[in-house]
Amino acid sequence: MSERLALDLAVDLAGLERRPASHSVSLMNSSEDLISRSRAGDQEAFRLIFERYARPVLSFIYDLVGQRDLAEELTQETFVRAFKSLNSIRDETKLASWLFGIGRNVAREAIRARLRDNQTFLEVGPSDAQLRNGAQVSPAQNLLDKELSLAMHNALALLDEDRRVVFVLKVFRQFSYHEIMDVTGFTLAKVKTDLHRARCEVRRRLGPFLEADR
Amino acid sequence: MKCAECQALVQEYFDGELDQRAAAAMSVHLESCPSCSTELEQLAFEQRVYQSYEHELEVSPALWVKVRDRLAEEDNGWTLTLFGRSQIAFSKLLSLRFGTAAAVAVALFAIVVILGVMKQQNKQEVPKQLALSSETLPGEKRRPGETDIVSKQVNSNGAEGSIRGPQKKRGVVAGLRAETVRGKSSLVNGNAREPKTPVQFVRKAEQQYLSAIALLTRDAEQRPSRLDSETRAKLNSALVAVNRTILSTRKAVQRNPNDPLAVQYMLSAYEKKVDVLKEMSSY
């Protein structure tokens with residue numbers, strides 16, 4: 001809530017800083033238009049891309065790495081890399097998949113670096129969203145949500161890296177199989193297999209919880 | 001279709017990935033097979049449970065600034081305005097390994113310095129009769145160098161009530177009033193208007209409040225478990241109220257950037273938010 005406001009304020013502040021544009025800028029701008037303008041050095045266009053995709057990319061990376069601070073750092077890296085490689089987009093209509101793909105690579109590198117250093121990268125604990133909303137639900141519901149959140153967080157942490165990314169993209173982000181292929185570079189068969197196995201694993205780990213909830 | 005085939009395809013059917021013909025065959029089978037339809041129901045039920053998992057994060061206002069600063073620093077054809085460059089310098093200062101309290105102190109110190117400079121500027125630039133025309137600022141007697149932002153004690157009973165006092169941010173307000181009157185007098189005299197330096201100072205103060213708010217928000221959210229639910233609820237509702245006030249006052253300032261009262265209320269609202277967040281962080 002408070003950060004949402006702060007973001008709004010930051011956006012407004014950026015608006016204060018901006019000079020009047022020669023053409024009107026609207027959130028209805030198409031991805032192709034924003035990419036084309038960003039490539040031409042239009043910083044406002046890239047800021048709009050960031051505004052549109054920062055939240056889903058941040059949440060996606062958080063699902064992969066499980067730590068808010070790290071997820072923010074990796075989101076920052078994702079958008080820096082995205083700006084540097086704007087010329088490499090082959091299909092401008094797939095901006096979301098392209099950004100998620102960069103985010104996935106950045107997260108994977110971080111996970112592997114941490115594994116090399118024998119550090120854990122997924123923390124167990126209530127999510128940021130839960131902490132914010134904790135006061136707005138009944139204590140019983142809050143407890144239930146926290147339990148589910150912890151169980152889900154653990155289940156994600158224990159998934160194999162490939163399965164985790166497929167599960168997150170399908171179940172949380174509702175990406176199609178082909179969009180998941182675009183993000184991950186996996187074959188269709190691997191997407192289906194990993195998704196099936198991930199669902200089975202998560203079902204097994206959340207089993208008692210799912211039964212109780214039903 | 002046999003059950004084995006159906007079981008193999010049920011995930012794709014549920015995900016909407018089957019072509020029309022295969023989906024139709026599945027539908028027919030599922031209508032007549034309780035075992036297979038149970039599997040489909042299980043997938044649907046699990047999806048509903050997973051959807052209730054709250055994992056969406058809000059984007060910190062500092063994130064875009066960091067991205068922009070890195071692009072500027074790494075020379076990617078990304079150029080910054082003067083305001084942007086000053087923001088980089090400020091964010092670098094904050095990124096030093098200070099504690100949160102120290103960082104907030106630095107931010108507040110910077111605000112004090114800015115307001116001091118503004119006051120000094122106003123002394124030099126504002127004609128005497130303008131300085132005396134502060135009819136809405138009772139009790140204008142102040143010690144030299146005194147600033148309102150750090151010395152004001154905020155009433156903790158609700159966000160909006162506490163920002164109505166006209167005693168705050170006199171430096172900024174006086175600067176803006178002087179700017180407004182200067183504008184009027186220049187119109188009268190037919191002279192070109194001078195640059196709006198007080199407005200720039202207000203923007204900078206606002207940015208620094210924002211940085212302090214971001215730091216305190218992070219700090220407050222890292223330790224909510226120490227708050228009992230009643231206190232947390234009260235603080236959250238105070239935050240909601242103050243957030244609403246900030247939004248409305250910012251809109252007013254955007255509409256009338258030279259309105260001293262709007263600026264005064266807006267900065268008071270920011271200050272109130274800092275106070276509430278400090279209160280949350282103190283538990």
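Residues numbered from 1 in each chain as written. Chains lettered and ligands numbered in written order. Predicted model: local features only at pLDDT ≥ 70, side-chain atom pairs only at ≥ 80, totals over all residues.

### Considerations on the overall build of chain A
Turning to step 1, where the next piece is worked out: In terms of helices and strands, chain A carries 11 helices and zero strands.
Turning to step 2, where the next piece is worked out: Scanning chain A from its N terminus toward the C terminus, one meets helices and strands in the order α-α-α-α-α-α-α-α-α-α-α.
Turning to step 3, where the next piece is worked out: Relative to its full complement of 214 residues, chain A shows a buried share of 40%.
Turning to step 4, where the next piece is worked out: Partitioning the intrachain contacts of chain A with sequence separation of at least 6 by distance along the chain shows that 64% fall at a separation of at least 24. (Helix = DSSP H or I, 4+ residues; strand = E, 2+ residues; numbered from the N terminus. Buried ≥ 20, exposed ≤ 12 C-beta atoms within 10 Å, placed from the backbone. Contact = placed C-beta atoms within 7 Å.)

### Topic: the nonpolar core
Across soluble globular proteins, nonpolar side chains show a tendency to be buried alongside one another.
Turning to step 1, where the next piece is worked out: Residues A:Ile61 and A:Val65 are the most contacted members of the largest nonpolar core, which totals 88 residues.
Turning to step 2, where the next piece is worked out: At 12 residues, helix H3 (residues 43–65) of chain A tops the list of elements feeding residues into this core.
Turning to step 3, where the next piece is worked out: Setting aside its immediate chain neighbours within four residues, A:Ile61 contacts A:Ala71, A:Leu74, A:Thr75, A:Gly103 and A:Ala107.
Turning to step 4, where the next piece is worked out: Among the nonpolar cores identified, the runner-up in size contains six residues, and B:Cys6, B:Val10, B:Leu30 and B:Cys36 belong to it. (Core = buried A, V, L, I, M, F, W, Y, C linked by C-beta atoms within 7 Å.)

### Considering helix H12 (residues 260–281) of chain B
Turning to step 1, where the next piece is worked out: For H12(B), built from 22 residues, the straight-helix expectation of 32 Å at 1.5 Å per residue is met to within 8% by its first-to-last C-alpha distance of 31 Å.
Turning to step 2, where the next piece is worked out: Counting buried positions along H12(B) gives 18 out of 22 residues, so the element sits mostly inside the fold. (Expected span 1.5 Å × (residues − 1).)

### Comments concerning the packing of helix H8 (residues 161–172) of chain A against helix H9 (residues 177–184) of chain A
Two numbers describe a pair of packed helices, the interaxial angle and the distance between the axes.
Residue and element names in this part refer to chain A.
Turning to step 1, where the next piece is worked out: Here H8 crosses H9 at 135°, and the two axes come no closer than 10 Å. As summarised for this structure, H8 and H9 are arranged oblique, according to the angle between their axes. Seen along the crossing, H8 lies across H9 with a hand that is right-handed. Contacts between H8 and H9 involve Val165, Val166, Leu169 and Lys170 from the former and Ile180, Val183 and Thr184 from the latter.
Turning to step 2, where the next piece is worked out: Taken together, the residues that form the contact of H8 with H9 break down as five nonpolar, one polar and one charged. (Axes fitted to C-alpha atoms, helices over the stretch in contact; angles between N-to-C directions. Parallel < 35°, antiparallel > 145°, perpendicular 65-115°, else oblique. Left-handed = near helix turned anticlockwise from the far one by under 90°. Nonpolar A, V, L, I, M, F, W, Y, C, P; charged D, E, K, R; others polar.)

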